[in-house]
Amino acid sequence: MDSKLPEKLLKPFNPKETEERIYKLWEDSGFFAPEVHPTWVDDSSLNENFGKPFTLIMPPTNANGSLHAGHGLVMTIEDIMVRYKRMRGFKTLWLPGLDHAGFETQVVYEKKLEKEGRTRFEIEPKKLYEEILDFTLTNSKNIKSQVRKMGASCDWSREKFTLDPDIVKIVYQTFKKLSDDNLVYRGNRIVSWCSKHQTSFSDLEILDEERIDNFYYLKYGPFVIGTSRPETKFGDKYVVMNPNDERYKDYKDGQKIKLEWINGPIEATIVKDEAVDMEFGTGVMTITPWHDTADFEIAERHKLDKEQIIDENGKLLPIAGEFAGQHIKKARALIIEKLQKKGLVEKINEKYKHVVRTCYKCGTVIEPQIKNQWFVKMKPLAEKALEKINNGEIKYIPDHYKKVSIHWLSNIMDWNISRQIVWGIPIPAKICVKCGAGMVDLDNKIKKCASCGGEVAQDKDTFDTWFSSGQWPFATLGYPDGKDFKTFYPTDVMETAGEIIFFWVSRMIMLGLYVTGEIPFKNVYLHGLVLDAKGLKMSKSKGNVIDPLILTGKYGTDAFRIGMVIGNTPGTSLALAEERIRGYGKFANKIWNATRFVLDNTKDFNNSNTEIKYDEEDKKSDEELKKLVEEITKEMDEYKFYIVAEKIYHYFWHTFADIIIERSKKKILENKNADSAKALVYSQLVTLLKVLHPFMPFVTEEIWQILLPRRKVGEPTEMSALMVEKWPARNASSIADAGGPESK
RNA sequence: GCGCGGUUAGCUCAGUUGGUUAGAGCGACUGUUUUACACACAGUAGGCCGGGGGUCCGAAUCCCUCACCGCGCACCA
């Protein structure tokens, strides 16, 4: 028996010195891969789970970003799940990945260009793509090393990037399938256009912003119309009212009237449509179908003309006459001035509260535009998803996200998947130069337009990032023929931020079901936002961003991890205060010091002696811990990490250290039931290290490696690690195996 | 307007199917340098569980209602 304590155990726990070494030990062991089996014996009579797959696909991290507090939470929660399942004997796969993060990255790169005095509109697209690719790949090394620092036990050999050729191939096949099934179409539809970023968006990239603006009442022939956007009114030649509105019953649908308008006399046509709210304004409005969704729909219903008033840069077109070429921001006041001179302004309400749609990145007011784009018909896809969610095949944690998802899916709109940016997966399609028709063309074979015979050109647009990441679970596993796909799909858990429930989670369900016929994951675990100590959202402008790596550097990764998880219920945002983490740094040291005591006092103790009989109170303590382990095992299976971590923390500190160790001192000193005491402290330490490991992997593994020579007497000296040790309970109802001196 | 959360100790939050004196961490206060640990130990104080109503033998927990805070969705020009 080794009777000397290692030198380092005599000093306080030093996370800095430990973490990199331990991570390397794990990585070298190969245990991150599901195929590399735990060292304990496969006995399914003892463990029903042994060898069953457990799959978690990591949300692909933005390759060009750096680790923020939110990532810290993701890596912690997912690693806890994965380490726990691995210790339970599951064939555990945690697949890491990187995201090219299309628009996000492009915006970052554009800012960089701006600083260099360049702009993307002057750079040849191919070259720009190469530049961003280079930029992204360089930065990706950074994020990958940071993920390692968090202790993530993911299988790096299976790492994927959203632009990998095999991923792109699958994305293309899905696009083709959607097209073949008539679920993707190209058409002139209103899209949300950002004039700064020169791209269209889906409805999710838009932020609603409440504003107080002027609301103008304008004389329009015999009517008074209300508008907050006079700059769009140049082309308005339809005046619409509700057919049931008694006030205007004398005007007939289709009737023409002549009137004086901004730039002279015009002829307008009366249109009756029920979409007009009789209560709002005067109950009469004119429409601008090119720049307003509601107006567009009215125009479609009545087959009305649509004219573009504002160009893609937000400037007025020649239809605006003397105002042509002016930016709409500046033009509004001038137009009102002119209307006032002409006596066409009836009144102005200066306190009009309404909602303006803005670009989520730059805040520019979104200008709806009619554009020829690719759209996915969502209704049929959503219906299938709703079925699976409603019948409980996909479980949400916390539960209320189920309701939120159902609500969104039930009111879903078609999805504009084309983006006018270079950084992304190019859309494999030809566009007819003559008629604008779009044809999916994976093999680059189409030379003439199928509908008009005109010349075709390659589509210059790229896919919305979420179109490719929406296929992530089956794409990363190599659908349809990959071995991993067959073994690990459907995956078990999708763990991600509640914020992207629609962007990502719901779309993965729809696309996964559509392509593979199966749900992509059985459980959705959604975590909340990580906020600053005061509960405010972190932002660079507020200067309250907390860098997780500074905290892990100061207090250790273990302290950070358990601090992130204790008391943090799923879905709830977390206020990250430094004292919180500092406190758990003390806990890591407490574990370290308790270990020193146990090893120091049991060095002469023969732990292979199975004859030890606990005395009365030790027996009680032994049973108490076994009961606790059963309890937390159940809670682990219910994803209640916040309560498990707290229970273990509390037991370790206030029962094991404060009561059991204190009690043992007396017994050992007086040599009264000393063997019982020694056996108990050793056994409890071993069990506690195991259950603590998913939460605090570094300190527990470090101690395990010190313990190992004692535990493995007479056994082969092969690589062994706590991360593949057996969890000390089979399941909630079974008898716990507390490990300890009796274990072989 | 519709939907989803939240309101519990000074702060951050737990509280599972309703059951005896409502919990944790941090903070505060009082002691103690006891041979693993002062990154410690022993202890103390602090809550009409947002307001009102109801069901029940019994409600922080279930139902109704109001108030306030947060978030999401929406084509009222």
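Everything in this summary refers to the structure shown in the same document. (Residues numbered from 1 in each chain as written. Chains lettered and ligands numbered in written order. Predicted model: local features only at pLDDT ≥ 70, side-chain atom pairs only at ≥ 80, totals over all residues. Heavy atoms only, no water.)

Thoughts on the overall build of chain A
Logical step 1: Tallying secondary structure elements over chain A gives 20 helices and 26 strands in all.
Logical step 2: Over its C-alpha atoms, taken along the principal directions, chain A stretches across nearly 110 × 55 × 55 Å.
Logical step 3: Buried positions account for 57% of the 744 residues belonging to chain A.
Logical step 4: A fraction of 77% describes how many contacts in chain A between residues 6 or more apart in sequence connect residues 24 or more apart.
Logical step 5: Accessible area of chain A: about 32600 Å², with a carbon and sulfur share of 51%. (Helix = DSSP H or I, 4+ residues; strand = E, 2+ residues; numbered from the N terminus. Buried < 20%, exposed > 50% of the residue type's maximum accessible area, 1.4 Å probe, protein only. Contact = heavy atoms within 4.5 Å. Areas by Shrake-Rupley, 256 points an atom, 1.4 Å probe, with all protein chains shown as cover.)

Re the pairing of strand β1 (residues 53-57)
Logical step 1: Where burial is concerned, most of β1 is hidden: 4 out of the 5 residues are buried.
Logical step 2: Alignment of β1 against strand β3 (residues 91-95), held across 5 bridges, turns out to be parallel. Its bridge partner lying in β3, Ile57 is registered against Leu95. (Pairing = 2+ DSSP bridges.)

Some points on the protein's contact with RNA strand B
Logical step 1: In the neighbourhood of RNA strand B, 47 residues make up the surrounding shell, with Asp277, Met285, Tyr352, Thr569 and Trp653 lying closest.
Logical step 2: Take the atoms of RNA strand B that sit within 4 Å of the protein: sugar and phosphate atoms are 64% of them.
Logical step 3: The separation between a base oxygen of RNA strand B and a polar side-chain atom of Asn589 is 3.4 Å.
Logical step 4: In the environment of RNA strand B, a sugar or linking oxygen lies 3.3 Å from a nitrogen or oxygen atom belonging to the side chain of Glu646.
Logical step 5: Residue assignment for the surface near RNA strand B shows that the elements contributing at least two residues are β14 (345-359), α9 (400-410), α16 (578-602) and α18 (641-670).
Logical step 6: When the residues that make up the surface near RNA strand B are grouped by side-chain class, the tally is 20 nonpolar, 12 polar and 15 charged. (Near = heavy atom within 4 Å. Polar contact = N/O pair within 3.5 Å; in protein donor to acceptor, adjacent residues only side chain to side chain. Nonpolar A, V, L, I, M, F, W, Y, C, P; charged D, E, K, R; others polar.)

Notes on the sheet that holds strand β2 (residues 61-62)
Logical step 1: With respect to topology, 3 strands assemble into an open sheet ordered β2-β4-β5, the strand pairing being parallel. In this open sheet, the two strands that pair with only one neighbour each are β2 and β5 (160-161).
Logical step 2: Both strand β4 (residues 97-99) and β5 contribute to a ladder of 2 bridges, which runs parallel. Across the sheet, Gly97 pairs through a bridge with Lys160, a residue of β5.

A short note on the environment of Thr569
Logical step 1: With respect to the helices, strands and loops of the structure, Thr569 is situated in the loop between α15 (557-565) and β26 (574-575).
Logical step 2: Sequence-wise, Thr569 and Lys640 are 71 residues apart; in three dimensions their C-alpha atoms are separated by 7.5 Å.

Quick notes on unusual backbone geometry
Logical step 1: Of the consecutive residues Tyr479 and Pro480, the connecting peptide bond is found in the cis state with omega at 0°.
Logical step 2: Summarising the element assignment, Pro480 is placed in the loop between α11 (472-476) and α12 (483-488).
Logical step 3: In the segment running from Tyr489 into Pro490, the intervening peptide bond is cis, with an omega of -5°.
Logical step 4: Structurally, Pro490 can be placed in the loop between α12 and β23 (491-497).
Logical step 5: The phi angle at Gln198 is positive, at roughly 55°, despite the residue not being glycine.

Considerations on the side chain of Thr199
Logical step 1: Its place among the elements puts Thr199 in strand β7 (residues 199-201).
Logical step 2: Reaching out from Thr199, the side chain makes a polar contact with the backbone nitrogen of Gln420 at a distance of 2.8 Å.
Logical step 3: Look past the residues within four positions of Thr199 in its chain and what remains in contact with it is Phe103, Ser192, Trp193, Cys194, Arg419, Gln420 and Ile421.

Points about the environment of Val724
Logical step 1: Structurally, the position occupied by Val724 is in the segment after α20 (697-711).
Logical step 2: Sequence separation between Val724 and Ser157 is 567 residues; the distance between their C-alpha atoms is 18 Å.

Section: the side chain of Thr552
Logical step 1: Looking at where Thr552 falls in the secondary structure, it is placed in helix α14 (residues 548-555).
Logical step 2: A relative accessible area of 9% places Thr552 in the buried class.
Logical step 3: If sequence neighbours within four positions are ignored, Thr552 has contacts with Met150, Thr557 and Phe560.

Some thoughts on the nonpolar core
If you look at soluble globular proteins, the nonpolar side chains tend to sit buried side by side.
Logical step 1: Ranked by internal contacts, the top residues of the largest apolar core, which has 171 residues, are Phe641, Phe656 and Phe695.
Logical step 2: Not counting the four nearest positions on each side in its chain, Phe656 is found in contact with Ala594, Val598, Tyr651, Ile661, Val681, Gln684, Leu685 and Leu688. (Core = buried A, V, L, I, M, F, W, Y, C linked by side-chain atoms within 4.5 Å.)

Here's the deal with a positive patch on the surface
Logical step 1: Among the surface-exposed residues, Lys111, Lys115, Lys196 and Lys540 lie close enough to one another that they form a single positively charged patch.
Logical step 2: Note on placement: Lys196 falls in the loop between β6 (184-194) and β7.
Logical step 3: Look at Lys196 and you get partly exposed, because its relative accessible area is 41%. (Patch = residues over 30% accessible without salt bridge, like charges linked within 9 Å, V, L, I, M, F, W, Y side chains within 5 Å. Salt bridge = Lys/Arg side-chain N within 4 Å of Asp/Glu carboxyl O. Lys, Arg positive; Asp, Glu negative; His and termini not counted. Charge placed at Lys NZ, Arg CZ, Asp CG, Glu CD.)

Quick look at the packing of aromatic side chains
Logical step 1: Under the defined criterion, the tally for this structure stands at 40 aromatic pairs.
Logical step 2: Pairing Phe215 with Phe280 gives two aromatic rings, centres 5.8 Å apart and planes at 85°, and the pair type is edge-to-face. With Phe215 in strand β8 (residues 206-220) and Phe280 in the loop between β12 (264-272) and β13 (284-286), the pair connects residues that are 65 residues apart, well separated along the chain.
Logical step 3: Judged by relative accessible area, which is 5%, Phe215 ranks as buried.
Logical step 4: Residue Phe280 is classed as partly exposed on the basis of its relative accessible area of 43%.
Logical step 5: Ring geometry for Tyr584 and Tyr649: centres 5.3 Å apart, planes at 75°, overall edge-to-face. Remark: Tyr649 occurs in helix α18 and Tyr584 occurs in helix α16; sequence separation between them is 65 residues. (Phe/Tyr/Trp six-rings, centres within 6.5 Å; stacked < 30°, edge-to-face > 60°.)

Some details on the packing of α9 against helix α13 (residues 501-516)
Logical step 1: Put simply, α9 and α13 touch, their axes get as near as 11 Å, and they point 75° apart. Accordingly, the angle class assigned to the pair α9 and α13 is roughly perpendicular. Across the interface between the two elements, Tyr401, Val404, Ser405, Trp408 and Leu409 of α9 pack against Ile501, Phe502, Ser506, Arg507 and Met510 of α13.
Logical step 2: Partitioning the contact of α9 with α13 into residue classes produces 7 nonpolar, 2 polar and 1 charged. (Axes fitted to C-alpha atoms, helices over the stretch in contact; angles between N-to-C directions. Parallel < 35°, antiparallel > 145°, perpendicular 65-115°, else oblique.)

Describing α14
Logical step 1: Every buried residue of α14 is listed here: Pro548, Leu549, Leu551, Thr552 and Tyr555. Along the axis of α14, the buried residues cluster in a sector spanning 160°; they form a single face. Among the exposed residues of α14, those pointing more than 90 degrees away from its buried face are Ile550 and Lys554.
Logical step 2: Its buried side turned inward, α14 meets α1 (15-29), α2 (69-87), α4 (125-149), α15 and α16.
Logical step 3: A side-chain oxygen of the first residue of α14 lies 2.9 Å from the backbone nitrogen of Leu549; this N-cap is Asp547. (Arc of directions from axis to C-beta.)

Topic: the pairing of β6
Logical step 1: In terms of burial, β6 is a largely internal element, 8 of the 11 residues being buried.
Logical step 2: Relative to strand β15 (residues 367-376), β6 runs antiparallel, the two sharing 10 bridges. Bridging across to β15, Ser192 finds its partner in Pro368.
Logical step 3: Taken together, the 3 bridges between β6 and β7 define a ladder with antiparallel strand orientation. Following the sheet pairing, Cys194 is matched in β7 by Thr199.
Logical step 4: Here β6 hands over to β7 after 4 residues, with Gln198 in that stretch at a positive phi of 55°.

What to know about the sheet that holds β13
Logical step 1: Across the sheet, 4 strands lie side by side as β11-β12-β10-β13; this open sheet has mixed pairing. Taken across any chain shown, the strands that pair with only one partner, and hence form the sheet edges, are β11 (256-261) and β13. Neighbour-to-neighbour, the strand axes of this sheet turn through a mean angle of 35°, independent of strand direction.
Logical step 2: Where β11 lies against β12, 6 bridges are found, and the strand directions are antiparallel. What sits directly across from Lys258, in β12, is Glu267.

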